[in-house]
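Here's the letter readout for the chains.
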Amino acid sequence: MTRTTTTDRVFASLRESILTGEFPAGSLHSIYRLADLLGVSRTPVREAVLRLADIGLVTVERNRGVRIRGVSVADVQAVFELRLMIEVPAAAYAATHAGPDDVKALTDELDGMRLGAEAGDEAAFTGHDRALHHAIGHVLGNVRLQHEVAALRDSIQTRGASTLHRSRGMTEILDEHVPIVEAIATGDPAEAGARMERHLVHTASLLMGQVAPDAAAVDDAWADRLRGHLYVPGRSASSRQ
């Protein structure tokens, strides 16, 4: 086994231990202990730790060891509050302005998600999921918006936090996207915005439940402070779902 392969295996193992809470946030670990635990030499552990530090899951403390940062409930909430402020009005806008080519692009990505789910192809499914959200932003014609949404997704997903196969399966995720696309295709901005909001809030709540230290259930009330300020046609500034 090459060093690169060993490093990849160590990286994946450590990341999973962090995300499942086996290595809780704030805990301190030595390179020597981690190497013994994983049955490998210290070199691939050091390399894997540097990769984990690059994506924000750990910090390396000189002469002390590796401090676990993990993904916190606050991290998830911060990311999804931004996504709500960007993607809810973008979905409403798309429902009003999407042309036939835009609708076809969205339905094609939805079909791709469906085929990926049926085949159990996680990589294909996730790729079409990302492309669908990208296509919604494309209707607005704002490249910066598309880049920001992708960056926000990456800030969570590259650290390994995902609901897929932890809180829900591909079919369930697909089912949340179907009404968003249908609302855009039928030109219903209020429904498109509301469905996007529901999807993002549900996703965030599941992720928060996964990373919460006590594994406590997290309900959708975390989003209440924003709901009255999200632009959804037909909703008053003081209304709540």
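A brief look at the structure comes next. (Residues numbered from 1 in each chain as written. Predicted model: local features only at pLDDT ≥ 70, side-chain atom pairs only at ≥ 80, totals over all residues. Heavy atoms only, no water.)

Reading across from one edge, E1-E3-E2 is the order of the 3 strands in this open sheet, with antiparallel pairing throughout. Because the sheet does not close on itself, it has two edges, and the strands there are strand E1 (28–29) and strand E2 (58–61). As judged from the 2 bridges shared by E1 and strand E3 (residues 65–68), these two strands associate in the antiparallel manner. By the bridge assignment, His 29 is partnered in E3 with Val 66. (Pairing = 2+ DSSP bridges. Helix = DSSP H or I, 4+ residues; strand = E, 2+ residues; numbered from the N terminus.)

Another point: the environment of Ala 98. Inspection of the secondary structure assignment puts Ala 98 in the loop between helix H4 (73–97) and helix H5 (100–119). Spatially, the C-alpha atom of Ala 98 lies 9.7 Å from that of Thr 186, the residues being 88 residues apart in sequence. If sequence neighbours within four positions are ignored, Ala 98 has contacts with Val 103, Val 139 and Ile 184. (Contact = heavy atoms within 4.5 Å.)

Attention now moves to helix H3 (residues 42–54). Between its terminal C-alpha atoms H3 stretches 18 Å, which fits the 18 Å expected from 13 residues at 1.5 Å a residue. Three or more residues of H3 are buried, namely Pro 44, Val 45, Ala 48, Val 49 and Leu 52. The buried residues of H3 all sit within an arc of 140° when viewed along its axis, so they share a single face. Those residues of H3 that are exposed and angled more than 90 degrees off the buried face are Leu 50 and Asp 54. (Expected span 1.5 Å × (residues − 1). Buried < 20%, exposed > 50% of the residue type's maximum accessible area, 1.4 Å probe, protein only. Arc of directions from axis to C-beta.)

Right, let's talk about helix H2 (residues 31–38) for a bit. Burial in H2 covers these residues: Ile 31, Leu 34 and Ala 35. One face of H2 carries all of its buried residues, which in axial projection span an arc of 100°. Along H2, the residues that are exposed and aim more than 90 degrees away from the buried face are Tyr 32 and Asp 36. Following H2 by one or two positions, Gly 39 has its phi on the positive side, about 70°.

Pairing of E2 with E3 involves 4 bridges; the strand directions are antiparallel. Looking at E3, one finds that Thr 59 is bridged to Arg 67. Hairpin connection, E2 to E3: the antiparallel pair is bridged by 3 residues, and Asn 63 has positive phi, about 65°.

A word on unusual backbone geometry. Its identity as a non-glycine residue notwithstanding, Asn 63 has a phi of 65°, on the positive side. The residue Asn 63 is located in the loop between E2 and E3 in this model. The exposed category is assigned to Asn 63, whose relative accessible area is 77%.

Looking now at the side chain of His 29. Counting through the fold element by element, His 29 comes out in strand E1. Judged by relative accessible area, His 29 falls into the buried class, the value being 7%. Contacts of His 29, omitting those with residues within four sequence positions, involve Phe 23, Leu 34, Gly 65, Val 66 and Ile 68.

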